[in-house]
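Chain and residue survey
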Amino acid sequence: MHQDAEVASGVLVVRASGAAAARAALTGSPSTPQSVQLLMRCPVHRSVPENAHVFGDCSLHVLPVGTIVLTVPETKLSTGFTDLRRLMFQPVEVGEGLRTAFSSAVGHVLAARDVLDPVGVAHHLVGLAEMVLRSALRDELERADIATGHRRAALEHIRAHLADPSLTPGEVAKALNISLRRLYQVFEGEPNVAERIKMLRIDRAKALLADPAKADRGVGEISRDCGFVSATHFSRAFRALVGQPPTEYRRHALPR
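Note that the coordinates shown come from a computational prediction; the quantities given were computed from them, not determined experimentally.

1. Describing the sheet that holds strand S2 (residues 35-41)
Taken in spatial order, the six strands make up an open sheet running S3-S4-S5-S2-S1-S6, and their pairing is antiparallel. Where the open sheet ends on each side, the last strands, each with one partner, are strand S3 (52-55) and strand S6 (92-93). When strand S1 (residues 11-17) meets S6, the two strands line up antiparallel, connected through two bridges. Among the inter-strand pairings, Val11 is bridged to a residue of S6, identified as Glu93.

Below, the structure written as structure tokens:
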């Protein structure tokens, strides 16, 4: 993110800065940065110039787009950088209360910048960064825990209803009492919900096809047990995921 990049209203962006961070960006190796920067939209009085205001080893940078960049030394933070990684370089939604607290604190510092002791302000800014980071991290962890719970419940519901051909992402969302959009967010970065249902059905089919106790059951019966509406649809989906038709898979999987 460039220094003049705009930050959306209602979000916090945390990023690393300093030579170590630059080396890590170039090499891809993990490295603890010299400084941590917090970017947030913050109304500032028009009398405050749009540039960097340095207070000891901390700074407040006023950007033309209405964003404040608060930079503090990483070593001054009690929150470990390992914990902060989950917040790095991504928009993190923050509540109105936290935004107001940050905006008010920054506004007061900048308004009285000429009469405040820089070292004292630096201690204040580190505390402000600590408050924002801990609050945002707590909220992010809570959101992650909720998402994990929804994901676990969704998978349990899917596995329990694989044989039901009417099982769809919409039905799963309804069973969990969440929106379809939220359900897709829970599986973001993974196979989507429809693909996950198909994959779990194929996994169950593979287990049934390889089970000697089910050797007398036809492929059509197994496809129905796994929730496929037709043997043709099942064979097509099975070949696409496994690389061979179910009959061939069964021939190689069953003991001779």
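The structure having been displayed, the exposition proceeds.
2. Some remarks on the packing of helix H7 (residues 193-209) against helix H9 (residues 231-242)
Contact geometry of H7 with H9 gives a least axis separation of 10 Å together with a crossing angle of 95°. One element, H7, and the other, H9, form an angle in the roughly perpendicular class. Together, Lys198, Met199, Ile202, Ala205, Lys206 and Leu209 of H7 and Phe234, Ala237, Phe238, Leu241 and Val242 of H9 make up the contact between the two elements. Per-class residue counts for the contact of H7 with H9 are nine nonpolar, no polar and two charged.

3. Section: the pairing of strand S5 (residues 67-73)
Across the seven residues that make up S5, a large majority, seven, are buried. Going residue by residue along S5, you find Thr67, Val69, Thr71 and Pro73 tucked away on one face and Ile68, Leu70 and Val72 tucked away on the opposite face as well. Of the strand pairs in this sheet, S2 and S5 are connected by seven bridges, and their pairing is antiparallel. Bridge pairing links Arg41 to Thr67 in S5.

Rules behind the numbers
Residues numbered from 1 in each chain as written. Predicted model: local features only at pLDDT ≥ 70, side-chain atom pairs only at ≥ 80, totals over all residues. Heavy atoms only, no water. Pairing = 2+ DSSP bridges. Helix = DSSP H or I, 4+ residues; strand = E, 2+ residues; numbered from the N terminus. Axes fitted to C-alpha atoms, helices over the stretch in contact; angles between N-to-C directions. Parallel < 35°, antiparallel > 145°, perpendicular 65-115°, else oblique. Contact = heavy atoms within 4.5 Å. Nonpolar A, V, L, I, M, F, W, Y, C, P; charged D, E, K, R; others polar. Buried < 20%, exposed > 50% of the residue type's maximum accessible area, 1.4 Å probe, protein only.

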